[in-house]
Amino acid sequence: MTYSIADAEQELKVKHDALNLRWYPRYHLAARAGWINDPNGLVWFDGWYHAFYQHHPYSTQWGPMHWGHARSQDLVHWEHLPVAIAPEGPEDKDGCFSGSAVVDGDTLALIYTGHKFHGDADNEENLYQVQCLATSRDGIHFERQGIVVDTPPGVHHFRDPKVWREGESWYMIVGARAGETGQVRLYRSADLRQWQEEGVLDEAEAGMGFMWECPDFFTLGDKRVLMFSPQGMAAHGFKNRNLFQSGYLLGDWQPGQQFVRAGEFIELDHGHDFYAPQSFLTPDGRRIVIGWLDMWESPLPEQQDGWAGMLSLPRELSLSADNRVEMRPAKEVESLRQGWYPWPVSTLNNQQIGVAENAEAMEVVLNWKGAESTAEQYGLSLGDGLRIYVDAQMQRLVLERHYPQHGLCGTRSVPLTLDHDLHLRVFIDSSSVELFVNDGEACLSSRIYPDAGQRDLRLFAWSGSASLSDGGAWQLE
Ligand code: FRU
């Protein structure tokens, strides 16, 4: 099959009208129809934020990747634009894989991975991944400029270029697999077209994965953050529970020098569904990340509805005093707030109380008084499918989803100091929840699939009492 932007647009128009919208996001970005995975090319250009994404317009399954495209003035209201690139060329005939965008004077440049098999696609030996360039003046129509970095000898998995400007040069990092070792390779250029190899920026030690996907590299505070999505890290206790991880290594780096790590790999989000995050800078200098709010090989019940996958809220990163990356909803998210509904509850004593009905686009704010709460379990539930609660015996904050009809049951959790106050912001959308803990300390994001009539919110405290200093919800636009 040959692909083109015009065919993709035709297909999307027809498919969009046939969507079942029961789980379609009310305030997150998803494709008009079909499949979406990684966010790509996040950038501010010519007065707009642009978000591109891995997209298969022809079905709700992953397939030959196109770059879907949307733009926004405020990171929360998105306008869909035509597909930006399709796998049309010999260099990307089997897919336009993930990549990034930079502004080069008056030009928007997309740098992405051309994915292609030379021969039988069932044999990985035939796989070649190359880095390609496409440019645009209007930010909507792109001209393909072909390959700018070819596959290194002996390597097959070599993808997801992230480009940035530093000093007088452009830099690019690319995720790679060398045997069983995940790597990030570094390149340098004066013009985005001719690239020199600068060696391996960092690579996995035992247990750190066989492939590092979607690398990103940026300054936060006085540190460098190497953010990436490793494949092949084994689960250990409460860590690395998802099929693949996404997280970061902190360190120090200057152009021309080695990256020197300071600390271990840390997961960025502790929920079931967060992968391939990419960062960008706002015009006022904030470092924002958006991730894919799904996980490879996890059921996506919305596939029956004509679409699959969504992106996370934009989140601002900062570095804490003890050198941890903190993540908070970008302040623009507050512009979605409509009415505030305070909940007249201060103490729950071995009981549950209904606090809202039909929570579909809501930000819940809760302040639990840890030191005054004795209950073994206390928290918030949405229908019969989602609970977000303190487990005092485990000393953890737990996100539990229970959708056995869709094969999606289980918990994710983070450690807690029980006698401290616990501040939660919980963003509920039609089929997602993003939980921000203690103003940047942790985040848990998961997909949820409430049936009709399963969207009532309750507070509960079992085996003891729990006290709130504040609780309520914002209705979101
Ligand atoms: C990460 C990823 C990337 C690749 C893209 C393909 O989720 O596997 O490494 O470029 O998705 O769609």
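Residues numbered from 1 in each chain as written. Predicted model: local features only at pLDDT ≥ 70, side-chain atom pairs only at ≥ 80, totals over all residues. Heavy atoms only, no water.

- As annotated in an unreviewed UniProt entry, the chain is Sucrose-6-phosphate hydrolase from Pseudescherichia vulneris NBRC 102420.
- Of the comments in the UniProt record for the chain, the one headed Function (unreviewed entry) reads "Enables the bacterium to metabolize sucrose as a sole carbon source." (UniProt positions renumbered as here; feature names shortened; annotations may be inferred.)

## Some points on the pairing of strand 19 (residues 287–292)
Okay, step 1: Strand 19 sits mainly inside the fold: 6 of its 6 residues count as buried.
Okay, step 2: Taking every second residue as pointing to the same face, both faces of strand 19 are buried, with Arg287, Val289 and Gly291 on one and Ile288, Ile290 and Trp292 on the other.
Okay, step 3: Count of turn residues in the strand 18 (residues 275–281)/strand 19 antiparallel hairpin: 5 residues, of which glycine 285 carries a positive phi of about 85 degrees.
Okay, step 4: Where strand 19 lies against strand 21 (residues 315–319), 2 bridges are found, and the strand directions are antiparallel. Bridging across to strand 21, isoleucine 288 finds its partner in glutamate 316. (Buried < 20%, exposed > 50% of the residue type's maximum accessible area, 1.4 Å probe, protein only. Helix = DSSP H or I, 4+ residues; strand = E, 2+ residues; numbered from the N terminus. Pairing = 2+ DSSP bridges.)

## Re the layout of surface pockets
The method is simple in principle: a probe with the dimensions of a water molecule rolls over the atoms, and the space it marks as empty is what remains.
Okay, step 1: Estimated volume of the largest pocket: approximately 990 Å³.
Okay, step 2: Those elements that provide at least two residues to the lining of the largest pocket are strand 15 (247–252), strand 17 (266–267), strand 22 (325–329), strand 27 (386–391), strand 28 (396–403), strand 29 (408–415) and strand 32 (442–447).
Okay, step 3: Among the elements that line the lining of the largest pocket, the one with the most residues is strand 29, at 5 residues.
Okay, step 4: When its residues are assigned to classes, the lining of the largest pocket shows 19 nonpolar, 11 polar and 14 charged.
Okay, step 5: Domain assignment of the residues forming the lining of the largest pocket places at least three in each of domain 1 (5–329) and domain 2 (336–476).
Okay, step 6: Estimates place the volume of the second largest pocket at around 530 Å³.
Okay, step 7: Along the wall of the second largest pocket there are 24 residues; nearest its centre are Trp62, Phe97, Arg159, Glu213 and Trp296.
Okay, step 8: At the level of elements, strand 1 (34–45), strand 5 (96–104), strand 6 (107–117), strand 7 (127–136) and strand 9 (158–166) are the ones that each hand at least two residues to the lining of the second largest pocket. (1 Å grid on protein atoms, 1.4 Å probe; cavity = no way out; pocket = protein on both sides within 12 Å on 5 of 7 lines; lining within 4 Å. Points joined across faces, edges and corners; volume = space filled by probe spheres on them. Nonpolar A, V, L, I, M, F, W, Y, C, P; charged D, E, K, R; others polar. Domains from an automatic or database assignment.)

## A word on the site of the ligand
Okay, step 1: In the neighbourhood of the ligand, the contacting residues comprise Asn37, Asp38, Gln54, Trp62, Met65, Phe97, Ser98, Arg159, Asp160, Glu213, Tyr275 and Trp296.
Okay, step 2: A distance of 2.8 Å is found between an oxygen atom of the ligand and a side-chain nitrogen or oxygen belonging to arginine 159.
Okay, step 3: In the complex, 96% of the free accessible area of the ligand, which totals 320 Å², lies under the protein chains.
Okay, step 4: When each cavity is represented as a set of grid points, the ligand is found to reside in the second largest pocket.
Okay, step 5: Of all elements in the fold, only strand 1, strand 5 and strand 9 reach the threshold of two or more residues within the shell around the ligand.
Okay, step 6: The class makeup of the residues in the shell around the ligand is 5 nonpolar, 3 polar and 4 charged. (Near = heavy atom within 4 Å. Polar contact = N/O pair within 3.5 Å; in protein donor to acceptor, adjacent residues only side chain to side chain. Areas by Shrake-Rupley, 256 points an atom, 1.4 Å probe, with all protein chains shown as cover. Sits in = over half its atoms within 2 Å of the grid points.)

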